Amino acid sequence: MTEDKITGTLVFTVFTAALGSFQFGYDIGVINAPQEVIISHYEYVLGIPLNDRKAINNYTINSTKELPTVPYLGDSITTPLVEEETTASTSLVTMLWSLSVSSFAVGGMIASFFGGWLGDRLGRIKAMLVANILSLVGALLMGFSKLGPSHILIISGRSISGLYCGLISGLVPMYIGEIAPTTLRGALGTLHQLAIVTGILISQIVGLNFILGNHERWHILLGLSAVRAIIQSLLLFFCPESPRYLYIKLDEEVKAKKSLKRLRGGIDVTKDINEMRKEKEEASSEQKVSIIQLFTNSSYRQPILVALMLHVAQQFSGINGIFYYSTSIFQTAGISQPVYATIGVGAINMVFTALSVFLVEKAGRRSLFLIGMSGMFVCAIFMSVGLILLDKLAWMSYVSMVAIFLFVSFFEIGPGPIPWFMVAEFFSQGPRPAALAIAAFSNWTCNFIVALCFQYVANFCGPYVFFLFAGVVLAFTLFTFFKVPETKGKSFEEIAAEFRKKRSLAQAPKAAVEMEFLGATETV
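I will try to describe carefully the structure that is included in this document. (Residues numbered from 1 in each chain as written. Predicted model: local features only at pLDDT ≥ 70, side-chain atom pairs only at ≥ 80, totals over all residues. Heavy atoms only, no water.)

**Comments concerning the overall build of the protein chain**
A count of helices and strands for the protein chain gives 24 helices and zero strands. For the protein chain, the residues scored as buried account for 54% of the 524 residues in total. Summarising the internal contacts of the protein chain: among those between residues at least 6 apart in sequence, 79% fall at separations of at least 24. For the protein chain, the exposed surface amounts to about 22300 Å²; the carbon and sulfur share of it is 68%. (Helix = DSSP H or I, 4+ residues; strand = E, 2+ residues; numbered from the N terminus. Buried < 20%, exposed > 50% of the residue type's maximum accessible area, 1.4 Å probe, protein only. Contact = heavy atoms within 4.5 Å. Areas by Shrake-Rupley, 256 points an atom, 1.4 Å probe, with all protein chains shown as cover.)

As structure tokens, then:
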């Protein structure tokens, strides 16, 4: 038998862990399809009159017909007072909807710092079980939101679900990486991202009007994640604890061997134990680096700034604007069935995520990132052009739609998965936990800013909104070209040398020994 044998226990365990990543994706996408249904319910709960009497009657009998996305009061009444109330009502509903979307990112932003800590404190399995409590509470709040003040319950539920996803975004990759055989670690590690985009796609499908995305069942759509939380919690009791956690953190060699034998199918695990012993010795000899030291220590400052810029580029590229608001974007583009176009985006997202698994090992990280960003720049321009000329040329709606599909494809080729790869490759064992924590925090923070502001920016800029994103993408493309080194197949020493070279080109030459390789221990 070979070390990289895929056993039933390994498949079961990775599948169970990836259910958490699936939930992450589901929560990202679930709020998109039923947007107009939920907004019309907010209007009803807040006592804001609907567009016409027929719409009110439809709502009262729980009709599944679509209602207007944006609230308007009767156009026939034009007194200044009513116009002022109309504006205030529209602003209130827009704010509540933006919070319903972005509160998820607030939770993730807060919890992203604590995933690794919780995993070390409780163990990987118990940490995922505790995280599922948050998922269950969030799902129940949203599931019962139709019975109470829906806007408060949905915003609260989304925040708590965000806390869960913030924890999971650290716990799941860590656990899968620790239980996977060395030869399968890369392939199994990408399943986290694949499960996320699968979750997005499934949320879009079940959010269709005739399934759950209607006035009768939208609350079930939001609360459905409770079922996944219960199933995963039950399955986790049958999953082995991470052998690396047992050996390196707890020094429980006997339990670690037992866990390894379950995962490897009973073969000799001496080689795995020896690898972990070496890893433990290396970890104990290397100094831990705090987040503050990443910015004050000259060896880490430039790599962490580049790492953060990659994550900012990923989020400010406009991709989450498309994920969160794609239905309304397609509606603006004149697509008669915008929800189906949104599902098409989800399907392309999943296909190109799977494709990137192979591409990222064939081509360089930097090359793929540049190709992806350049493609997104061109697509963003075509998106805006299509939306601007829509009134004059009806076929421009197809230009906008194709541009959105290609935008997502280019994102998943490069800027989607690569920042996470590169941050891990910039740093060795000592500074890596702090670097990953601050990178995750910056990622979630930018996610929140985009989710909160996109609707306002879109309302202000109208069809020109993606010109703004095109400018941002161009700026980050140039930054990547001049500042980001290639990391594929390079040691920490070689990557550090690349940073030294780029820094010396940008400023006056300094001492050649100013920056040691990133894996070195440096007392600050």
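**Concerning the nonpolar core**
Membership of the largest hydrophobic core comes to 55 residues, with the highest contact counts inside it found for Leu294, Ile322, Phe330, Phe407, Phe426 and Phe466. In this structure Phe466 touches Ile322, Ile329, Ala380, Met383, Ser384, Leu387 and Phe454, once residues within four positions along its chain are discounted. The next biggest cluster of nonpolar side chains, apart from the first, holds 34 residues, and it includes Ala17, Cys165, Leu167 and Ile168. (Core = buried A, V, L, I, M, F, W, Y, C linked by side-chain atoms within 4.5 Å.)

**A few points about the packing of helix α5 (residues 115-122) against helix α7 (residues 150-179)**
Put simply, α5 and α7 touch, their axes get as near as 7 Å, and they point 55° apart. Considering their axes alone, α5 and α7 lie oblique with respect to each other. On the side of α5, the interface is formed by Gly115, Gly116, Leu118 and Gly119, while α7 contributes Leu167, Leu171 and Met174. In terms of residue class, the contact of α5 with α7 is built from four nonpolar, three polar and no charged. (Axes fitted to C-alpha atoms, helices over the stretch in contact; angles between N-to-C directions. Parallel < 35°, antiparallel > 145°, perpendicular 65-115°, else oblique. Nonpolar A, V, L, I, M, F, W, Y, C, P; charged D, E, K, R; others polar.)

**Regarding the packing of aromatic side chains**
Tallied over the full model, the rule gives nine aromatic pairs. Between Phe24 and Trp444 the ring centres are 5.4 Å apart and the planes differ by 10°, which places this aromatic pair in the stacked class. Taken together, the residues span a long stretch of sequence, with Phe24 in helix α1 (residues 8-29) and Trp444 in helix α22 (residues 432-461) at a distance of 420 residues. Accessibility classification places Phe24 together with Trp444 in one group, the buried group. Both rings, one in Phe454 and one in Phe466, keep their centres 6.2 Å apart while their planes meet at 50°; by these two values the pair is tilted. Pair noted here: Phe454 is in helix α22 and Phe466 is in helix α23 (residues 465-483), with a separation of 12 residues, a long-range link. Since its relative accessible area comes to 5%, Phe454 is described here as buried. The exposure class assigned to Phe466 is buried, which follows from its relative accessible area of 0%. (Phe/Tyr/Trp six-rings, centres within 6.5 Å; stacked < 30°, edge-to-face > 60°.)

**A few points about the environment of Phe499**
Its location among the elements puts Phe499 in helix α24 (residues 492-506). Counting along the chain gives 16 residues from Phe499 to Lys483, while the straight-line C-alpha distance between them is 8.0 Å.

**A look at the side chain of Asp27**
One can find Asp27 in helix α1. The contacts of Asp27, once residues within four sequence positions are left out, are Phe104, Arg158, Ser161, Cys165 and Ser225.

**Looking at a positive patch on the surface**
Where like charges cluster on the molecular surface, the positive patch consists of Lys126, Lys255, Lys258 and Arg262. With respect to the helices, strands and loops of the structure, Arg262 is situated in helix α13 (residues 253-264). Since its relative accessible area comes to 39%, Arg262 is described here as partly exposed. (Patch = residues over 30% accessible without salt bridge, like charges linked within 9 Å, V, L, I, M, F, W, Y side chains within 5 Å. Salt bridge = Lys/Arg side-chain N within 4 Å of Asp/Glu carboxyl O. Lys, Arg positive; Asp, Glu negative; His and termini not counted. Charge placed at Lys NZ, Arg CZ, Asp CG, Glu CD.)

**Focus: a nonpolar patch on the surface**
On the surface, a nonpolar cluster with roughly 500 Å² of combined accessible area is contributed by Tyr44, Val45, Leu46, Leu92, Met95 and Tyr456. Every element with two or more residues in the nonpolar patch is listed here: α2 (35-45) and α4 (80-111). Within the element layout of this structure, Tyr44 appears in helix α2.

**Quick word on the environment of Trp117**
On the secondary structure map, Trp117 appears in helix α5. With relative accessibility at 49%, the residue Trp117 sits in the partly exposed group. The spatial distance from the C-alpha of Trp117 to the C-alpha of Leu167 is 9.5 Å, given a sequence separation of 50 residues.

**Focus: the environment of Glu498**
Following the sequence through the fold, Glu498 ends up in helix α24. Residue classification places Glu498 among the partly exposed residues on the basis of a relative accessible area of 22%. Along the backbone, Glu498 and Val484 are 14 residues apart, and their C-alpha atoms lie at a distance of 8.8 Å.

**Let's talk about helix α20 (residues 396-413)**
Between its first and last C-alpha, α20 extends 26 Å over 18 residues, near the 26 Å set by a 1.5 Å rise per residue. The buried count for α20 comes to 14 of 18 residues, which makes it a mostly enclosed element. (Expected span 1.5 Å × (residues − 1).)

**Structural notes on the pattern of salt bridges**
In the structure shown here, the tally under the stated rule is eight salt bridges. In this structure, the salt-bridge partner of Asp120 is Lys249, at a minimum N-O distance of 3.6 Å. With Asp120 in helix α5 and Lys249 in helix α12 (residues 243-249), the pair connects residues that are 129 residues apart, well separated along the chain. Note on Asp120: relative accessible area 34%, which makes it partly exposed. For Lys249, a relative accessible area of 45% gives the class partly exposed. In this structure, Lys280 and Asp251 form a salt bridge, with 2.8 Å as the shortest nitrogen-oxygen distance.

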